[in-house]
Amino acid sequence: MNYDIPPPAGWEDFEDLCRDLWALLWDDPDTRKHGRRGQPQAGVDVYGRPQRGSKWKGVQCKLKSQLAGTQLTRVEILAEVKKARKFKPALAGFTLATTAPRDVGVEAIVREVTVEQLGANSFPVSVFFWDDILDRLKGHEGLLRRHYEHWRGMAKGPRIAIAKLPATGETFVAREEELARLDAAWAGGTNVISFVALGGAGKSALINRWLGRLQEDGWRGAERVLGWSFYSQGTDATGASSEAFTEYALDWLGYKGEAITSPWKKGEVLAGLVREARTLLVLDGLEPLQHPPGAQTGRIKDPAVAALVRELAADNPGLCLITTRLRVADIAGRPGAVAVDLERLPAAAGAELLRRLGVNGSEKELQAASEERHGHGLALTLLGTYLREVLEGDVRRRLEAAVLDAAIEGGEHAENVMTSYERWFGPGPEIKVLHLLGLFDRLAEPKALATLRAEPEISELTEGIGAGKERAWSLALARLRQARLVTAAENGDTRDAGALDAHPLVREHFGARLRESAPEAWRAGNERLYEHYRRVAPERPGTLEEMLRLYAAVVHGCRAGRIQEAFDEVYWRRIRQGNEALNIKKLGAFGAELTALTAFFDRPWDRPSAQLSAAKQAWLLNAAGFVLRALGRLPEAVQPMRAGLDALIVKEDWKEAAASASNLSELTLTLGDVAGAVAAGEESVELADRSGNMSQRTITRTALADALHQAGRWEESATAFREAEAIQVKMQPVYPRLYSVQGYQYCDLLLGRAEPEDGSGLEGAGTPYRKACEKVRERAIELVRLGQQFLGRGLGLLDTALGHLCLGRACLGLALTASAARDFRPAAEHLDRAVDGLRQAAQEDDLPRGPLARAALRRLASDFPAAAADLREVQEIAERGSMRLHEADAHLEWTRLHLATGDPAAARPHLDRAAELVRACGYGRREREVAWLERRLAESPAQTGVS
């Protein structure tokens, strides 16, 4: 690698580099920047502690020119040292890091300053020139690449980041056909390839072998290689999330924009960054982010990863490589997506694997052993090492390893062999190490392991392998590595040096064993980790990376039985930061939030922990419903939202119950249960009237009115809207009309009642439709004005977008009913702004409304390709979120588009699907459109278009 590179050009980039470098030099991942620009920093830009419990050390970053003669001066050095002596608590050391070249004169000044310091708060002073910094960077290639990715040609070959992929060992057999398929996929024509098999079948080993071959061939044209593993403990991944991956990938791929809070937007931005260069993206162990077998088997439930994978399946100059236990339903059947079922190892290949592991015997016996394990890669690997280490490598003694059950599937092949290891190791140190790893969801960090091993020893867990027992610890690790049960972190992220990992099936097995056989040790171990993670995290984290440590603390605290404290002290006070909800509003950490909420449930999503108060249980139920809804997992959100409503009714908290019932009405309406939405809306009105709260009485009536509108109960809907507006006038006389979402819903009714029966706003609609459009335009102008007014307070994105949507639809109707020539420009301008605004607002429920309305405009303007693009977006959003009303609307508009392009045959399946959805959902509002379009299709097939 060529390290002849210049220093950063900006002070902030130099500070970031120093923070990351000194974190490695001090072996302190908590090293951080001190304050921000413009704040008093006491001469310290970066600070940390080289050893646990040691005193702080500081770094002052001085950006200097590389030209000769540009250097730190004695006055400057003395001034910075003087300021650093005011740092609290007192520093144990102070370094001046500069981008200037090495200079003996400056070194002499620094030595003199160290000697001259007298009195309290004195400390040794050192200087790091750019030459010194560059020397240290040579040992940390990943860090160098991260900070110098924009300098092309600084290194030979692509940028590589695959340290997050699991280590799988060197023994590998067969799979030549699969390796050839990977070669072909990388050569071109495939956007996404996924390998599907049960846990432990060898998916990760296959990928690592192919990556090794690729590297030997100079990476075959890859410009970037990024790998990540999503494996979590066990198979219950209710709260699994992708936040750590998306944050890392955005940073690694060079994203420099503002923080993205929308999960879907993160995925779309990531896909765009991946496409900028020929990139090999490896997503290993995707199943924790997928729906388990059931109604949505294999669909990706994490919005960011779902958007990323779908985007790459459509267009990808590189290759996205996925391993998973379930086929990825989101991209099934896509032209650029290939799924490969990873078959079990053939008997001959299984025999060869056993032979390479040191097992002796006839070919017939070795193949029989492979067949007995159904060619399961992990089970054969564990069996082979067990036979070699315990049973003299004799394959004939394999029945001593475990009692076989021919009906066993998946990971249970490996569990049989792990049970044999338990008997062999007995209660020795090896089993205790495995139990320790069973406490973790993934890689066990060295500092967390040190916390578990610290004094006093934990009975039945760390006895004999605790602090000071290094020989026993090392020998146990050596035996476990030899048995292929434990792996050590390999090259890559230096912060992982000394970390340990194991296959998820191994962690799951031994974690369950510890919990069952030694519940007190399980509790004590989790308690240690709870204290560790809450201690190492900042008091009030400002980044997702910092926040993730507190999320880990919540999980371990709940496992330790300290549920109330974990909720109050960690989740509510430090993660959520009270009603500020920083984790959601600023960081958009919906996935990690769901993981934390899961920990507070005895059974997701209807049974919160009984250790929490009734009020907190009700709050958790509603919070879970909110987060699930934000993540697009709408069907799952219904259960906690309904349970939360019931809990609030029991408490007789009528105001919150009314709000909850209103939210439930909106949710069930989006899902397409119109009758259920009307019922929940009626309940919300009753509860709001009980509460007497004027605001809730307004909001609940508009929620009911909207549900009635979608049911086709036009007059009842209009009555409810008028009642809501009358209450608002009494409450807020300055606002005589409904505004925000409620104002949009009323405008939607006013347009819907007057629209022509085909719902497309055709000319000839007559005076009522034109008057309705004029009325809506007047209201919509006010909606936009108020929305923009709220923007000054960090709100109003959705309000403004919905206002433009109403204006666009009204302007379209006015253009269609004008006596003069049509002018679609005002409508196009407002609808474009509506689409952009809805994307920025990132409210998944409302997002389809914009492109749907614009598709109608583009169809009427004969811009058919653009109309189709809008409809594909609507359909994608609707189907991924189970939004059946939006899906029905999309199919109706597809029908009209195909009629306009003269293709009635293509229109038929869309109308059939729309009619099916309208009937199933009780979507009465659209019944007249279905009937009208049926009549059009019944006409002569030769008739084309709509005037």
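Throughout what follows, the structure given in this document is the object of discussion. Because the structure is a prediction, the values reported are computed rather than measured. (Residues numbered from 1 in each chain as written. Predicted model: local features only at pLDDT ≥ 70, side-chain atom pairs only at ≥ 80, totals over all residues. Heavy atoms only, no water.)

In the contact formed by helix H20 (residues 544–559) and helix H23 (residues 590–599), the axes pass within 8 Å of each other and the chain directions differ by 15°. Relative to H23, H20 is oriented roughly parallel. Along this stretch, H20 crosses H23, giving a crossing that reads as left-handed. Every residue of H23 that contacts H20 at Leu 548, Tyr 551, Val 554, Val 555 and Cys 558 is listed here: Ala 592, Glu 593, Thr 595, Ala 596 and Ala 599. Classifying every residue of the contact of H20 with H23 by side-chain character gives 8 nonpolar, 1 polar and 1 charged. (Axes fitted to C-alpha atoms, helices over the stretch in contact; angles between N-to-C directions. Helix = DSSP H or I, 4+ residues; strand = E, 2+ residues; numbered from the N terminus. Parallel < 35°, antiparallel > 145°, perpendicular 65-115°, else oblique. Left-handed = near helix turned anticlockwise from the far one by under 90°. Contact = heavy atoms within 4.5 Å. Nonpolar A, V, L, I, M, F, W, Y, C, P; charged D, E, K, R; others polar.)

This next bit is on the side chain of His 435. Residue placement: His 435 occurs in helix H15 (residues 429–437). Given the relative accessible area of 9%, His 435 is considered buried. Filtering out sequence-adjacent residues up to four positions away, His 435 remains in contact with Leu 461, Phe 510, Arg 513 and Leu 514. (Buried < 20%, exposed > 50% of the residue type's maximum accessible area, 1.4 Å probe, protein only.)

On to the sheet that holds strand S4 (residues 93–98). The 5 strands lie next to each other as S1-S2-S3-S4-S5, forming an open sheet whose pairing is mixed. Edge positions in the sheet fall to strand S1 (32–33) and strand S5 (125–128), since each has one partner strand and no second. Bridge count for strand S3 (residues 57–62) against S4 is 6 bridges, and the pairing is parallel. From the neighbouring strand, Gly 58 faces S4, where its bridge partner is Phe 94. (Pairing = 2+ DSSP bridges.)

What follows covers the nonpolar core. Among the nonpolar cores identified, the biggest contains 154 residues, and Leu 439, Phe 440, Leu 485 and Phe 600 are the most heavily contacted of them. No other element matches helix H32 (residues 797–816), which puts 12 residues into this core. Non-local contacts of Leu 485, meaning those with residues more than four positions away in its chain, are made with Leu 382, Met 418, Tyr 421, Phe 425, Leu 434, Leu 480, Asp 501, Ala 502 and Val 506. Counting 34 residues, the second-largest nonpolar core is a separate cluster that includes Ala 161, Ala 249, Ala 313 and Val 328. (Core = buried A, V, L, I, M, F, W, Y, C linked by side-chain atoms within 4.5 Å.)

The next thing to look at is the packing of aromatic side chains. Considering all chains together, one arrives at 17 aromatic pairs under this definition. A ring pair is formed by Trp 228 and Tyr 248, whose centres lie 5.4 Å apart and whose planes are at 45°; its orientation type is tilted. Of the two residues, Trp 228 sits in strand S8 (residues 224–229) while Tyr 248 sits in helix H8 (residues 243–252), which places them 20 residues apart along the sequence. The partly exposed category is assigned to Tyr 248, whose relative accessible area is 27%. (Phe/Tyr/Trp six-rings, centres within 6.5 Å; stacked < 30°, edge-to-face > 60°.)

Inspection of every chain in the model, using the stated rule, returns 4 cavities of 30 Å³ or more. Space inside the largest cavity adds up to approximately 120 Å³. Along its surface, the largest cavity is lined by 18 residues, and His 291, Ile 300, Gly 632, Arg 633 and Arg 880 are the ones closest to its centre. Only helix H10 (303–314) and helix H25 (634–651) provide two or more residues apiece to the lining of the largest cavity. Among the elements that make up the lining of the largest cavity, the one with the highest residue count is H25 (3 residues). Along the lines of polarity and charge, the residues of the lining of the largest cavity split into 6 nonpolar, 5 polar and 7 charged. (1 Å grid on protein atoms, 1.4 Å probe; cavity = no way out; pocket = protein on both sides within 12 Å on 5 of 7 lines; lining within 4 Å. Points joined across faces, edges and corners; volume = space filled by probe spheres on them.)

Interpretation note: all reported values are geometric properties and have no functional meaning in isolation.
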